[in-house]
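# Structure at a glance
Letter by letter, the chains look like this.
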Amino acid sequence: MSDSILHGCHNPNMRYENPLYLAEEAAALDYIADGRLALGVSRGSPETALRGYEAFGYTGSEDPRGADIARDKFELFMQAVEGEALVESDPQMAPPGRLAIEPQSPTLRDHIWWGAGSRDSAEQVGRQGLNLMSSTLLTEATGEPLHVLQKDQIDRFRAAYKAAGHTGSPRVSVSRSVFPIVSEQDEMYFGLRGRDGQDQVGIIDGMRSTFGKTYADTPDKLIEQLLADDAVMAADTLMLTIPNQLGPEYNLHVMQAFAEHVAPALGWKPNTEGPVVGDAI
């Protein structure tokens, strides 16, 4: 693994997004952030609302999960990001022709990540030449541990990226729930449950799925466990999932404990050494 970093990004649920508005907002933010934007995009996770996106005016889906409109919106979003002229101009207001969105950021495409929930969808991300995000859940269950399935997902993504003729260095992130136990409070919250944690298999969105375990232990044990996690070691970015119910002060403690006691042993480098880059294909 080239780097293991704490990484944050916005993750729009495409079922609920206006793709052209999102493209303009993302381009503007990419400029403001001087190219540091990390824009995670996905179909969206399962939710308590039944076809909730329709309440926001986004209708026409034939899939109760809304996957079809999410795909269509993402295609339009990418056309806008890549500068395609999508709308006819008003001849009373502009020269004849078609108009693209404004502003345009030439680096935005390199900063878009798709949240893939399966190995097949990761291959599609590779063919599109985007960055890959993989969470603590895969909508597949083969009997293999999550990290093994996820490593295969990463391999397939990179192979599809190369086969499609892309020549960049795409980024790959995986998510984990990791809690270094360095205090009595940590032990109270996560000690027993984390040490006995195992991957779980369940049904989500009608599909047998694999849910990743929680990593909670002393820093030395966490280092040992994460070095043995095939997907973590194959990725360039580790995203920490933390329970916001415990409040910002405790979450800051979790991230500081990870950064100080665990991350350096995984190959983490401070951002003062320059931006993280993906592995060359």
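Cut-offs used in this document
- Positions within a chain are numbered from 1, following the residues in the order the chain's sequence is written.
- With pLDDT at 70 or above as the cut-off, local features in this predicted model cover only qualifying residues; side-chain atom pairs require 80 or more to be listed or tallied, and sums for whole chains, interfaces and linings still use all residues.
- With hydrogens and water stripped out, all remaining heavy atoms of the structure feed into the side-chain values.
- By salt bridge we mean one thing: a side-chain nitrogen of Lys or Arg within 4 Å of a carboxyl oxygen of Asp or Glu.
- Only DSSP runs of H or I reaching four residues or more are called helices, and only runs of E reaching two or more are called strands; each is numbered from the N terminus.
- The buried label applies to any residue whose accessible area, calculated with a 1.4 Å probe on protein chains only, is under 20% of its type's maximum; exposed applies above 50%, and partly exposed to all values in between.
- Multiplying one less than the number of residues by 1.5 Å gives the expected span of a helix.
- By definition, residues are in contact when any of their heavy atoms lie within 4.5 Å.
- Side-chain rings of Phe, Tyr and Trp (the six-membered ring for Trp) are treated as a pair once their centres are within 6.5 Å; stacked means planes under 30 degrees apart, edge-to-face means over 60, and tilted covers the remaining angles.
- For a ring to carry a charge above it, either NZ of a lysine or CZ of an arginine must fall within 6 Å of the ring centroid while also lying within 35 degrees of the normal to the ring plane.
- Here, a strand pair is defined by DSSP locating no fewer than two bridges between the strands.
- Within this analysis, patches are made of residues with over 30% relative accessible area and no salt bridge. Like charges are joined at 9 Å or less; nonpolar side chains (Val, Leu, Ile, Met, Phe, Trp, Tyr) at 5 Å or less.
- In this description, accessible areas are obtained by the Shrake-Rupley approach with a 1.4 Å probe, and a residue is regarded as covered only by the protein chains that are shown.
- Buried Ala, Val, Leu, Ile, Met, Phe, Trp, Tyr and Cys residues form a nonpolar core when they are joined through side-chain atoms within 4.5 Å.

## Some points on the pattern of salt bridges
All told, the structure shown has 13 salt bridges when counted by the stated rule. Across the pair Asp 155 and Lys 151 runs a salt bridge whose closest N-O atoms are separated by 2.9 Å. Here the residue Asp 155 and the residue Lys 151 both occupy positions in helix α4 (residues 146-163), the gap between them amounting to 4 residues, near one helical turn. The exposure class of Asp 155 is partly exposed, given its relative accessible area of 35%. Residue Lys 151 is classed as partly exposed on the basis of its relative accessible area, which comes to 27%. For Asp 152, the salt bridge is made with Arg 156, and the minimal N-O distance between the two is 3.2 Å. A residue pair is termed a helical-turn pair when its members lie 3 or 4 positions apart in one helix, as Asp 152 and Arg 156 do in helix α4 at 4 residues. Given a relative accessible area of 26%, Asp 152 falls into the partly exposed group. Here the residues in one salt-bridge network are Arg 119, Asp 120, Glu 123, Glu 140, Asp 152 and Arg 156, joined through shared partners.

## Regarding the environment of Lys 269
The topology assignment puts Lys 269 in the segment after α8 (248-261). With 10 residues separating them along the chain, Lys 269 and Ala 259 place their C-alpha atoms 9.7 Å apart.

## A short note on α4
An ideal rise of 1.5 Å per residue puts 26 Å on 18 residues; α4 measures up with 25 Å between its terminal C-alpha atoms. If you check which residues of α4 are buried, you get Leu 146, His 147, Leu 149, Gln 150, Gln 153, Ile 154, Phe 157, Arg 158, Ala 160 and Tyr 161. Looking at the buried side of α4, the elements it contacts are α3 (119-128), β5 (131-134), β6 (137-138), β7 (172-180), β9 (207-211) and α7 (230-234). At the exit of α4 stands Gly 165, carrying a positive phi of roughly 90°.

## Comments concerning the packing of aromatic side chains
On inspection of all chains with the given rule, the structure shows 9 aromatic pairs. One aromatic cluster in this structure is built from Phe 179, Tyr 189, Phe 190 and Tyr 250. For the cation-ring pair, Lys 73 lies above Tyr 58, with the distance from its terminal atom to the ring centre recorded as 3.1 Å.

## A look at the environment of Ala 235
Mapped onto the secondary structure, Ala 235 falls in the loop between α7 and β11 (237-240). The exposure class assigned to Ala 235 is buried, which follows from its relative accessible area of 1%. Put simply, Ala 235 and Val 174 are 61 residues apart on the chain and 6.6 Å apart in space, counted from C-alpha to C-alpha.

## Observations concerning the pairing of β9
Put simply, side chains in a regular strand alternate between the two faces of the sheet. As judged from the 2 bridges shared by β6 and β9, these two strands associate in the antiparallel manner. Note on β9: the bridge partner recorded for Leu 137 is Phe 211. Note that strand β8 (residues 200-204) and β9 share 5 bridges and pair antiparallel. Bridge pairing in β9 links Gln 200 to Phe 211. Counted between consecutive antiparallel strands, the loop separating β8 from β9 contains 2 residues, among which Asp 205 sits at a positive phi close to 55°.

## Remarks on a nonpolar patch on the surface
A cluster of nonpolar side chains, namely Met 188, Tyr 189 and Leu 246, defines an oily patch on the protein surface of about 290 Å² accessible area. In this fold, Met 188 is placed in helix α5 (residues 184-195).

## Some words on the nonpolar core
Counting 44 residues, the largest nonpolar core has Met 14, Phe 74, Phe 77, Ile 112, Leu 132, Leu 226 and Phe 258 as its most contacted members. Broken down by element, this core gets its largest block of residues, 6 residues, from helix α2 (residues 67-81). For Ile 112, the contacting residues outside a window of four places in its chain are Leu 39, Val 41, Phe 74, Phe 77, Met 78, Val 81, Leu 130 and Asn 131. In terms of nonpolar packing, the next biggest core, distinct from the first, is built from 6 residues, Ile 181, Ala 216, Tyr 250 and Val 254 among them.

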